[in-house]
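# Chains, contacts and geometry: an overview
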Amino acid sequence: FQADVGYKNMCFVHVSLVPTIGDSEEQKTKPTQNSVKQMRHLGLSPDFLMCRGKYYLKEGNRKKISMFCHVDEPCVISIHDVSNIYRVPNLLIEQGFPKLLYKRLRLGGRHQIKVKNIKEVELDAKLLADWKNLASTYDNVKDEVRIGLVGKYINLQDSYLSVVKALLHASLFCNKKLVIDWIDAANLELCGELESEDKLGKEAWDKLKKCDGILVPGGFGDRALEGKISAIKYARENKIPFLGICMGMQAAIIEFGRNVLNIAKSKSQEFCKEGEFEKLKECEKVVVFMPEGDKEKKGGTMRLGVKETKLLPNSLAKKLYEEEKSDVISERHRHRYEVNPKVVKNFESKSMRFSGKNCDLTGERMEIIELPSEVHPFFIATQFHPEFKSKPSKPAPVFKGFINASVKNKSGNQSIKENHKRKYC
């Protein structure tokens, strides 16, 4: 790779552990020395060493690592434990990494580097101030917002990492401490509206009822689908802020069809056995396989990547994306199934709004659904994945709106929650 792009156009940054043994705080440098040796056997010679450890790297150990690893001493950077991950960039700045990187990549030309102090590289002052404020907010915020994440991969929470990060970005923006209640949708199926002695089911419903907002993320397969639908029904009927993503939107369509339109057999083609879907009435086929898809070939047949969505004027979606200053937004997708355009008018007759549609070809692909404010304070779901474009400094608009609504629900609707103790378990 170095030969292809040129030495001046790339650099190697090697992250290595500098462990401490026992309570002595003695830092061991041998793991770093050995890992650099192994990297050099592969033809990779590091320009920078990022030394991870519990404590700040002592100067004596920094010199030792520099000498035995043949890396300039200023290029041995201490990445020690800090209160939160957003403080790491400041660690790098304090040790002069921007200036060192600037010199290594010859940015601006060799003779244009006039900064004497390696800490005095000109950086965006406002960006740095905002970032420090973000890190400080993470440490100091006390007021909690509790979000129930209803999924089926709860035992492998990294499956929802992008969703969790988007929630965190939005909660910090709103100066709230994020608390996630992980709710296994399969456990919600163990007891419905009737009384049940099932312990797991009761615990799952008790968690759900304590949440300020409910989120149903994406997923594949029919396992725990009914649990997700039950959670969406609870959120809709009890005016709890709701956000559905991808399959979460499709589950919301099924729930609305069953319980509002009274179409008991509302189904998705994804969850029907061979030949079953064709036997359904047209009004029961609420989620269908994309017409351009290929059922035989699974690889490379999904609707992937950035696609444009046209927003409906005066809608919740339009309000959330008002900073875009356009009726058209771009979001990332990953799906094979979609809302059946033939049932849209039926849903609209019962106040469901399709506030986002695709801009390509027919314009019949439903991207966003929502309920009007007079029906529900915040009920929205998207076919796309807004979490993929969320940033700490710029939370995804849908997540930001969801957290804001959840905060209002917590502060203003405590009495309503008490009055809505429906017996779901």
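This text gives an overview of the structure that appears in the document. (Residues numbered from 1 in each chain as written. Predicted model: local features only at pLDDT ≥ 70, side-chain atom pairs only at ≥ 80, totals over all residues. Heavy atoms only, no water.)

Before going further, it helps to spend a moment on the sheet that holds strand E10 (residues 267-268). Strand order in this open sheet of three strands is E10-E11-E14, and the pairing throughout is mixed. Both edges of this open sheet fall to E10 and strand E14 (337-339), since each of them pairs with a single strand only. Seen against the sheet, helix H11 (residues 247-259) touches E10, strand E11 (285-289) and E14 and runs at an angle of roughly 150° to E11. (Pairing = 2+ DSSP bridges. Helix = DSSP H or I, 4+ residues; strand = E, 2+ residues; numbered from the N terminus. Contact = heavy atoms within 4.5 Å. Axes fitted to C-alpha atoms, helices over the stretch in contact; angles between N-to-C directions.)

For the structure shown, the criterion picks out 11 aromatic pairs. Ring geometry for Phe256 versus Phe347: centroids 5.8 Å apart, planes at 25°, classification stacked. Taken together, the positions of Phe256 in helix H11 and Phe347 in helix H13 (residues 344-348) put the pair 91 residues apart, joining distant regions of the chain. Summarising the burial analysis for this pair, Phe256 and Phe347 share the class buried. A ring pair is formed by Phe378 and Phe402, whose centres lie 6.3 Å apart and whose planes are at 40°; its orientation type is tilted. Highlighted residues: Phe378 in the loop between strand E16 (366-370) and strand E17 (379-382) and Phe402 in helix H14 (residues 397-412), separated in sequence by 24 residues. Neither residue differs from the other here; Phe378 and Phe402 are each classed as buried. (Phe/Tyr/Trp six-rings, centres within 6.5 Å; stacked < 30°, edge-to-face > 60°. Buried < 20%, exposed > 50% of the residue type's maximum accessible area, 1.4 Å probe, protein only.)

Now for the nonpolar core. Core analysis: the largest hydrophobic core is formed by 45 residues, its most contacted members being Val150, Phe242, Ile253, Phe347 and Phe354. When residues of this core are assigned to their parent elements, the largest contribution, seven residues, is made by H11. Not counting residues up to four positions away in its chain, the partners in contact with Phe347 are Ile253, Phe256, Gly257, Leu261, Val286, Met352 and Phe354. (Core = buried A, V, L, I, M, F, W, Y, C linked by side-chain atoms within 4.5 Å.)

Quick look at the sheet that holds strand E8 (residues 213-216) now. Read across the sheet, nine strands follow the order E7-E6-E8-E9-E17-E16-E15-E12-E13 without closing on themselves; strand pairing throughout is mixed. Both outer strands of the open sheet, strand E7 (177-184) and strand E13 (328-335), are each paired with one neighbouring strand and no more. Direction aside, the axes of adjacent strands within the sheet are offset by 25° on average. Note that strand E12 (residues 303-311) and E13 share eight bridges and pair antiparallel.

Before going further, it helps to examine the packing of helix H10 (residues 225-237) against H11. With their axes 9 Å apart at the nearest point, H10 and H11 run at an angle of 70° to one another. Taken together, the axes of H10 and H11 are roughly perpendicular relative to one another. Classified by chirality, the crossing of H11 by H10 is right-handed. Listed contacts from H11 to Leu225, Glu226, Lys228, Ile229, Ile232, Lys233 and Arg236 of H10 are Met247, Gly248, Ala251, Ala252, Ile254, Glu255, Phe256, Arg258 and Asn259. By residue class, the composition of the contact of H10 with H11 is eight nonpolar, two polar and six charged. (Parallel < 35°, antiparallel > 145°, perpendicular 65-115°, else oblique. Left-handed = near helix turned anticlockwise from the far one by under 90°. Nonpolar A, V, L, I, M, F, W, Y, C, P; charged D, E, K, R; others polar.)

On to unusual backbone geometry. Unlike most non-glycine residues, Lys325 shows phi in positive territory, near 55°. Within the element layout of this structure, Lys325 appears in the loop between helix H12 (316-320) and E13. Its identity is not glycine, yet Ser351 carries a phi of approximately 80°, on the positive side. Mapped onto the secondary structure, Ser351 falls in the loop between H13 and strand E15 (353-358). You can call Ser351 partly exposed: its relative accessible area is 33%.

Another aspect to go through is the pattern of salt bridges. Counted according to the given criterion, the structure contains 20 salt bridges. Across the pair Asp181 and Arg146 runs a salt bridge, and its minimum N-O distance is 3.1 Å. Taken together, the residues Asp181 in strand E7 and Arg146 in strand E6 (residues 144-151) connect sequence positions 35 residues apart. Where Arg303 meets Glu367, a salt bridge forms, and the shortest distance between an N and an O atom there is 3.1 Å. Residue Arg303 is located in strand E12, and its partner Glu367 is located in strand E16; the two are separated by 64 residues in the primary sequence. For Glu367, a relative accessible area of 0% gives the class buried. Through salt bridges with shared partners, a single network forms among Asp143, Lys176 and Lys410. (Salt bridge = Lys/Arg side-chain N within 4 Å of Asp/Glu carboxyl O.)

On their own, these measurements won't tell you what the molecule is for.
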